[in-house]
Amino acid sequence: MGLRAVVFDVDGTLAETERDGHRVAFNRAFRRLGLPDRWDEALYGRLLWVAGGRERLRFYFDTFRPELRADADFIGRLHRLKNLEFRRLILRGTIGPRPGVCRLIRELIASGIAVGVATTGSREWVEPLLASLLGRDLSCQLGAVVTGEDVGRKKPDPEAYLVALARLGVNASEALAVEDSQNGLAAAKAAGLPCLVVAGFYSVGHDFSRADLVTDGFGEPGRPARVLFNPHGLPVGGLVTADLLSELCRRATLQGRCSR
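Residues numbered from 1 in each chain as written. Predicted model: local features only at pLDDT ≥ 70, side-chain atom pairs only at ≥ 80, totals over all residues. Heavy atoms only, no water.

(A) Structural detail: the pairing of strand 4 (residues 175-179). Within strand 4, five of the five residues are buried, which leaves the element mostly enclosed by the surrounding structure. Residues of strand 4 alternate between two faces, with Ala175, Ala177 and Glu179 on one and Leu176 and Val178 on the opposite face, all of them buried. Relative to strand 4, strand 1 (residues 5-8) runs parallel, the two sharing four bridges. Counterpart to Phe8 in the pairing with strand 4 is Val178. Relative to strand 5 (residues 195-198), strand 4 is paired through three bridges, and the arrangement is parallel. Opposite Glu179, over in strand 5, you have Val197 as the bridge partner. Once the chain exits strand 4 it traverses helix 9 (residues 182-190) before rejoining the sheet at strand 5, and the crossover so formed is right-handed. (Buried < 20%, exposed > 50% of the residue type's maximum accessible area, 1.4 Å probe, protein only. Helix = DSSP H or I, 4+ residues; strand = E, 2+ residues; numbered from the N terminus. Pairing = 2+ DSSP bridges. Right-handed = clockwise from strand over helix to strand, strands pointing away.)

(B) Representation of the packing of aromatic side chains within the structure. The final tally for this structure, using the stated rule, is 14 aromatic pairs. When the centroid spacing of 6.4 Å and the interplanar angle of 45° are considered together, the rings of Phe8 and Phe218 count as tilted. With Phe8 in strand 1 and Phe218 in the loop between strand 6 (213-215) and strand 7 (227-229), the pair connects residues that are 210 residues apart, well separated along the chain. In this structure, Phe8 and Phe218 share a single accessibility class: buried. In this structure an aromatic cluster arises from ring pairing among Phe26, Phe30, Trp39, Tyr44, Tyr60, Phe61, Phe64, Phe74, Phe201 and Tyr202. For the cation-ring pair, Arg19 lies above Phe201, with the distance from its terminal atom to the ring centre recorded as 4.5 Å. In this arrangement the basic side chain of Lys82 is found over the ring face of Phe86, its NZ or CZ atom lying 5.2 Å from the centre. (Phe/Tyr/Trp six-rings, centres within 6.5 Å; stacked < 30°, edge-to-face > 60°. Lys NZ or Arg CZ within 6 Å of the ring centre and 35° of its normal.)

(C) Looking closely at the pattern of salt bridges. With the rule as written, the count across this model stands at 20 salt bridges. Residues Arg58 and Asp62 are paired through a salt bridge, measuring 3.1 Å at the closest nitrogen-oxygen approach. Here Arg58 and its partner Asp62 are both found in helix 3 (residues 53-64), four residues apart, which amounts to about one turn of the helix. A residue is classified by how much of its surface remains accessible, and Asp62, at 45% relative accessible area, is partly exposed. Where Lys189 meets Asp212, a salt bridge forms, and the shortest distance between an N and an O atom there is 2.7 Å. Highlighted residues: Lys189 in helix 9 and Asp212 in the loop between strand 5 and strand 6, separated in sequence by 23 residues. (Salt bridge = Lys/Arg side-chain N within 4 Å of Asp/Glu carboxyl O.)

(D) Here's a closer look at helix 3. The terminal C-alpha atoms of helix 3, which comprises twelve residues, lie 16 Å apart, in line with the 16 Å expected from a rise of 1.5 Å per residue. Against the buried residues of helix 3 lie helix 1 (17-32), helix 2 (41-47) and helix 4 (72-91). (Expected span 1.5 Å × (residues − 1). Contact = heavy atoms within 4.5 Å.)

(E) A look at the nonpolar core. One finds Val6, Phe8, Leu108, Leu130, Leu176, Leu196 and Leu245 to be the most contacted residues of the largest nonpolar core, which totals 42 residues. The set of elements that each furnish at least two residues to this core consists of strand 1, helix 4, helix 5 (101-110), strand 2 (114-118), helix 6 (123-134), strand 4, strand 5 and helix 10 (242-259). The element best represented in this core is helix 6, accounting for six residues. Excluding residues that lie within four positions of it along the chain, Leu130 makes contacts with Val10, Leu14, Val117, Gly135, Ser139, Leu142 and Val145. Val170, Ala175, Ala199 and Phe208 belong to the second-largest nonpolar core, a separate cluster that totals 27 residues. (Core = buried A, V, L, I, M, F, W, Y, C linked by side-chain atoms within 4.5 Å.)

Below, the structure is given as structure tokens:
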């Protein structure tokens, strides 16, 4: 039947939210509680291998600050403050979309292809972030928005993608995932989805050998995306487009059938 839906990850995919948003918000939360801790870009890149904000805080304090003996109440309070600070960054408009993402989503919707979101982030910041990045008119046209409140397991578990597919009413062979990380790619593949990886700031060193296409962005006129891995030999031409994703889905699905 061809491509009927595209499901996007949020953090690092739609915007560089990890470096420019979450990391900054964690540091502001530390400051509000009078803690000396500050996460620079390099340290935060290491911590990103731990999925989930609370889990990341737990790992950090257990590993780097065991003398603090941070309990669940303390972690919860700190995480709530971090989400509050992140929402403030969103409302100030300090986080912008990655170049080309709004163009691509408009193209997909105009082509009759449903667009969804699959993230394990908190709904309290996911919804305002989508409205800020895409604009309210475009964000209201998303067919499904799956957040951490909708699932019990975080990526690389495929649950978020499976829920998104069910809500969109499509099979994995009719859909495609867009991710930026190794954990996200693993989640998409576990759900049976072809996957475009749009590598970002924290993707250096990730294993994308299972991806169906890897670029360094979505591309805009005058700002072409570079192809980093293209196992299906697709003619990318510097822009990730609705037609390109349709052909990517077709070739990936056909290859999957032939390899079984």
